[in-house]
Amino acid sequence: DSVFSHVVRAPEDPILGVTVAYNKDPSPVKLNLGVGAYRTEEGKPLVLNVVRKAEQMLLNDKSRVKEYLPIVGIAEFNKLSAKLIFGADSPAIRENRVTTVQCLSGTGSLRVGAEFLARHYHQKTIYIPQPTWGNHPKVFTLAGLSVKTYRYYDPTTRGMNFQGLLEDLGSAPSGSIVLLHACAHNPTGVDPTLQQWEQIRQLMRSKALLPFFDSAYQGFASGNLDEDAQSIRMFVADGGECFVAQSYAKNMGLYGERVGALSVVCRAADVASKVESQLKLVIRPMFSNPPIHGASIVVTILKDSNMFNEWTIELKAMADRIISMRKQLFDALRARGTPGDWSHIIKQIGMFTFTGLNSKQVEFMTREYHIYMTSDGRISMAGLSSKTVPHLADAIHDAVT
Ligand SMILES: Cc1[nH+]cc(COP(=O)(O)O)c(CN[C@@H](CCC(=O)O)C(=O)O)c1O
């Protein structure tokens, strides 16, 4: 018999497995509110017009070839990605203290950064928020870091547990790595205020804690690219060092193209270039060099001011539709007199609402209403439309009464 007959069947992924279950459900009223992927009012995935236009331009350009990219990817993509996240006027970019390497979307950027840190950084512990994106602990553990958590969310207020955050980061060994969601925290939808970010920055710099930002939703939280990058830019402005993982999956709708970048901001230009040389030694045996198509779309859009503006308009429209779904769900629950305070639905920002529903209630909603969402009570608002809000509101009302 097979030499792999001992292999046990692994469980489905807590997030991506929701889509597997949804796809199996024959119900005509089923609703997929699991995966954080944007859907239109018609409930369909969206390819941005500006992305279609960029792809057409690429197709028409007969000079384009499909040669290997350099290990670090498309140089122009890396420059434009750094500019997008750090700002055109970033001192770090001006002083050439940033190295950016093209990776496989946000996950790949996190993994490459974690592998580098496990090899070259003296502290092997990374503190991640409690709760956080389900894949974070696996990415960092498999890269060789040891994962600890810091308090982040307060279930009673459904807001931040800021005191807990300060205490936990305040008692972390100096030099520890700290994972920070740049904006639109997943799964809670709760972000620090700018004042709280400044307090976090001061505390972290005073203990030489190393910030590792995960920016998967730039532009999706507020609808404004610069606003959603403010937390990162505060840290870069103080001249300190940080890691930033960037994803174009959501804000440019390039999910399956796997387009992202890892940036490392260093204190000196020569350090940045040595770091880049070591990042290449991580990437080469991992995936050798990144895919050309998605990054070429990003370059085509970011380098042309008209297409860039077109993108920002489409991005704002996606963010606005999500915000209107929040309002509609909140109003629908109020209209039903659903017991409980549901104001967190409109206070939280980004792709997700952390409803506060428990796994039993979630199971009930899946069984009785064919609503698919993660067992932690997270709902992807992008999966909702005006037509389906009543169905969800009925399900929540039924689950809590
Ligand atoms: C915070 C965060 N960081 C990184 C990623 C990775 O994105 P990518 O660029 O595709 O590698 C995601 C996607 N998380 C949503 C998408 C599905 C998934 O889990 O992956 C989600 O939480 O639904 C995040 O939510």
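Everything below is about the structure printed above this text.
Undergrad: Explain the site of the ligand here, please?
TA: For the ligand, the set of nearby residues contains 19 residues, the closest of which are Ser105, Thr107, Asp214, Ser247 and Lys250. Within the contact set of the ligand, an oxygen atom lies 2.8 Å away from a backbone nitrogen or oxygen of Gly106. Separating an oxygen atom of the ligand from a side-chain N or O atom of Ser247 is a distance of 2.6 Å. Element by element, the count of residues in the shell around the ligand is highest for helix H5 (residues 105-120), at 3 residues. The class makeup of the residues in the shell around the ligand is 8 nonpolar, 7 polar and 4 charged.

Undergrad: Can you help me understand the pattern of salt bridges in this one?
TA: Pairing between side chains of opposite charge can happen when the charged atoms of each approach one another. Summed over the entire model, instances satisfying the criterion amount to 17 salt bridges. Across the salt bridge formed by Arg111 and Glu115, the nearest N and O atoms sit 2.8 Å from each other. Highlighted residues: Arg111 and Glu115, both in helix H5, separated by 4 residues, approximately one helical turn. Glu115 gets classed as buried once you look at its relative accessible area, which sits at 14%. A salt bridge links Asp238 to Arg205; its shortest N-O distance comes to 2.7 Å. Taken as a pair, Asp238 in the loop between helix H9 (230-237) and strand E9 (242-247) and Arg205 in helix H8 (residues 194-206) lie far apart in primary sequence, 33 residues in all. The exposure class assigned to Arg205 is partly exposed, which follows from its relative accessible area of 24%. Residues joined by salt bridges that share partners form a network here, namely Glu198, Arg201, Arg205 and Asp238.

Undergrad: Teacher, can you tell me more about the pairing of strand E10 (residues 259-265) here?
TA: When a strand is regular, its side chains alternate between the sheet's two faces. Along E10, 7 of the 7 residues are buried, which leaves the element largely enclosed by surrounding structure. When strand E2 (residues 98-104) meets E10, the two strands line up antiparallel, connected through 7 bridges. Within E10, the residue paired with Gln102 across the bridge is Ala261. In this sheet, E10 lies alongside E9 in antiparallel orientation, the contact comprising 6 bridges. If you follow Val244 over to E10, its bridge partner there is Ser263.

Undergrad: Which parts of the structure should I look at to understand the packing of helix H3 (residues 75-86) against helix H11 (residues 292-302)?
TA: Between two packed helices, both the angle of their axes relative to each other and the distance between the axes serve to describe the pair. Where H3 meets H11, the axes come as close as 9 Å, and the angle between the chain directions of the two elements is 55°. One element, H3, and the other, H11, form an angle in the oblique class. In this structure, the crossing between H3 and H11 has a hand that is left-handed. Across the interface between the two elements, Glu76, Phe77, Leu80 and Ser81 of H3 pack against Ala295, Val298, Val299 and Leu302 of H11. Grouping the amino acids of the contact of H3 with H11 by side-chain chemistry returns 6 nonpolar, 1 polar and 1 charged.

Undergrad: Looking at this structure, how should I read the packing of helix H7 (residues 162-170) against H8?
TA: Where H7 meets H8, the axes come as close as 10 Å, and the angle between the chain directions of the two elements is 10°. Taken together, the axis directions place H7 and H8 in an arrangement best described as roughly parallel. Where H7 crosses over H8, the handedness of that crossing is right-handed. Facing H7, whose interface residues are Phe162, Leu165, Leu166, Leu169 and Gly170, H8 presents Gln196, Gln199, Ile200, Leu203 and Met204. Split by residue class, the contact of H7 with H8 holds 7 nonpolar, 3 polar and no charged.

Each value, and the rule that gives it
- Residues numbered from 1 in each chain as written.
- Predicted model: local features only at pLDDT ≥ 70, side-chain atom pairs only at ≥ 80, totals over all residues.
- Heavy atoms only, no water.
- Near = heavy atom within 4 Å.
- Polar contact = N/O pair within 3.5 Å; in protein donor to acceptor, adjacent residues only side chain to side chain.
- Helix = DSSP H or I, 4+ residues; strand = E, 2+ residues; numbered from the N terminus.
- Nonpolar A, V, L, I, M, F, W, Y, C, P; charged D, E, K, R; others polar.
- Salt bridge = Lys/Arg side-chain N within 4 Å of Asp/Glu carboxyl O.
- Buried < 20%, exposed > 50% of the residue type's maximum accessible area, 1.4 Å probe, protein only.
- Pairing = 2+ DSSP bridges.
- Axes fitted to C-alpha atoms, helices over the stretch in contact; angles between N-to-C directions.
- Parallel < 35°, antiparallel > 145°, perpendicular 65-115°, else oblique.
- Left-handed = near helix turned anticlockwise from the far one by under 90°.
- Contact = heavy atoms within 4.5 Å.

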